[in-house]
Amino acid sequence: MSLEANKIFAAVLTAGVTFMSAGVIGGLVVHPHKLERSAISIGATPQTAAAPTAPAAPAVEPIGPLLAAANVENGRALAGRLCASCHTLNEGGRAGVGPNLWNIVNNKHAHQAGFNYSAANRALADKPWDYEALNAFIAAPNRAMPGTRMGFAGLANTAQRADVIAFLRTLSANPAPLP
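Numbering of residues begins from 1 in every chain and follows the order in which that chain's sequence is written. Only residues with pLDDT of at least 70 are given local features in this predicted model, and only at 80 or more are side-chain atom pairs given and counted; all residues enter the totals for whole chains, interfaces and linings. Hydrogens and water are ignored here; the side-chain numbers use all heavy atoms of the structure.

**Q** Outline the overall build of the chain, listing residues and values.
**A** Within the chain, the secondary structure is distributed over seven helices and zero strands. Helix and strand definitions follow DSSP, with helices as H or I runs of at least four residues and strands as E runs of at least two, each counted in order from the N terminus. Counting from the amino terminus, helix and strand elements in the chain follow one another as α-α-α-α-α-α-α. Taken over the C-alpha trace, the chain has a radius of gyration of 29 Å; the compact-globule value for 179 residues is 16 Å, which it surpasses by more than 25%. Expressed along its principal axes, the backbone C-alpha trace of the chain runs to roughly 90 × 55 × 35 Å. Note on exposure labels: buried denotes an accessible area under 20% of the residue type's maximum, exposed denotes more than 50%, and partly exposed covers the range between, all computed with a 1.4 Å probe on protein chains only. Residues counted as buried form 27% of the 179 residues belonging to the chain. In the chain, once contacts between residues fewer than 6 apart in sequence are set aside, the share between residues at least 24 apart is 51%. When we talk radius of gyration, it's over C-alpha atoms, and the globule rule is simply 2.2 Å times the number of residues to the 0.38. Contacts are assigned to residue pairs that have any heavy atoms within 4.5 Å of one another.

**Q** Break down unusual backbone geometry for me, citing the residues and quoting the values.
**A** The backbone phi angle of Asn103 is positive, close to 60°, even though this residue is not glycine. Structurally, Asn103 is set in the loop between helix H3 (72-82) and helix H4 (119-122). A positive phi is found at Ala110, a non-glycine position, where the angle reads about 55°. Relative to the assigned elements, Ala110 resides in the loop between H3 and H4.

**Q** I'd like a rundown of the environment of Asn116, residues and numbers included.
**A** Among the structural elements, Asn116 can be located in the loop between H3 and H4. Taking the C-alpha atoms as reference points, Asn116 and Ala166, separated by 50 residues in sequence, lie 26 Å from one another. Apart from residues lying up to four places away in sequence, Asn116 is in contact with Arg122 and Arg149.

**Q** Give a description of the state of the cysteines that names residues and reports values.
**A** For the purposes of this analysis, a disulfide is any pair of cysteine sulfur atoms at a distance within 2.5 Å. On inspection of all chains with the given rule, the structure shows zero disulfides. Free cysteine: Cys83, not disulfide-bonded; nearest cysteine sulfur from Cys86 at 8.8 Å.

**Q** Talk me through the nonpolar core; I want residue IDs and the actual numbers.
**A** Among buried residues, the Ala, Val, Leu, Ile, Met, Phe, Trp, Tyr and Cys ones that are joined through side-chain atoms within 4.5 Å form a nonpolar core. Counting 26 residues, the largest nonpolar core has Leu67, Ile104, Val105, Tyr131, Ile165 and Leu168 as its most contacted members. Elements with a minimum of two residues in this core: H3, helix H5 (131-139) and helix H7 (158-170). Here the element with the most residues in this core is H7; it accounts for six residues. In this structure, Ile104 is in contact with His111, Trp129, Leu134 and Leu168, ignoring residues within four places of it in sequence.

**Q** For H5, give the residues involved together with the corresponding values.
**A** Each full turn of the α-helix corresponds to 3.6 residues, which orients residues three or four apart in the same direction. Those residues of H5 lying buried are Tyr131, Leu134, Asn135, Phe137, Ile138 and Ala139. Considering only its buried residues, H5 is in contact with helix H2 (64-67), helix H6 (141-144) and H7.

**Q** Can you lay out the packing of aromatic side chains for me, pointing to particular residues and giving the numbers?
**A** Note on aromatic contacts: the rings of Phe and Tyr and the six-membered ring of Trp form a pair at centre separations within 6.5 Å, being stacked when their planes are under 30 degrees apart, edge-to-face when over 60 apart, and tilted otherwise. Going through the model one piece at a time under the given rule, you end up with two aromatic pairs. Between Phe115 and Tyr117 the ring centres are 4.8 Å apart and the planes differ by 70°, which places this aromatic pair in the edge-to-face class. Taking the centre distance of 5.1 Å and the plane angle of 65° together, the rings of Trp129 and Phe137 count as edge-to-face. The two residues Trp129 and Phe137 agree in class, both being buried.

The quantities given are spatial measurements derived from coordinates; they are silent on function.
Structure representation (structure tokens):
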């Protein structure tokens with residue numbers, strides 16, 4: 001009879017004793033601290049003080065003066081890199097993750113029939129996507145339209161936003177006049 005079974009049993013037993021010893025020694029060295037109260041509260045907590053007010057959102061620089069000097073080709077490249085993964089840019093294009101952006105400038109919010117817009121966007125359905133509305137939205141979609149489903153963080157560079165908006169202006173049979 002071979003002693004292999006005894007060797008396997010001894011290895012498992014030695015590993016168990018080693019892991020148990022490491023846990024005990026680790027607990028003595030680290031000295032774990034128990035919290036006095038739970039770090040996560042489940043349920044409603046009483047309000048003891050007034051809720052802090054949110055800091056004022058930084059103003060977005062007006063885009064109108066920059067549009068005359070904007071580079072449409074740079075805007076086309078930026079839109080291709082930043083927008084085209086979710087939006088189509090051609091006339092009559094289908095909606096992807098986001099709606100088609102053809103004829104977006106001065107068109108109404110939530111203008112594409114059949115697209116499932118967020119409630120925040122549908123609430124603005126009577127307002128147009130003018131240059132300043134596009135500027136604020138492209139700068140920070142969640143700040144410009146709280147509740148939007150658009151997962152884009154925003155484009156901080158004002159000149160790049162002007163380029164993208166100038167390109168979006170060209171996506172129309174009758175481009176909107178510059179401000």
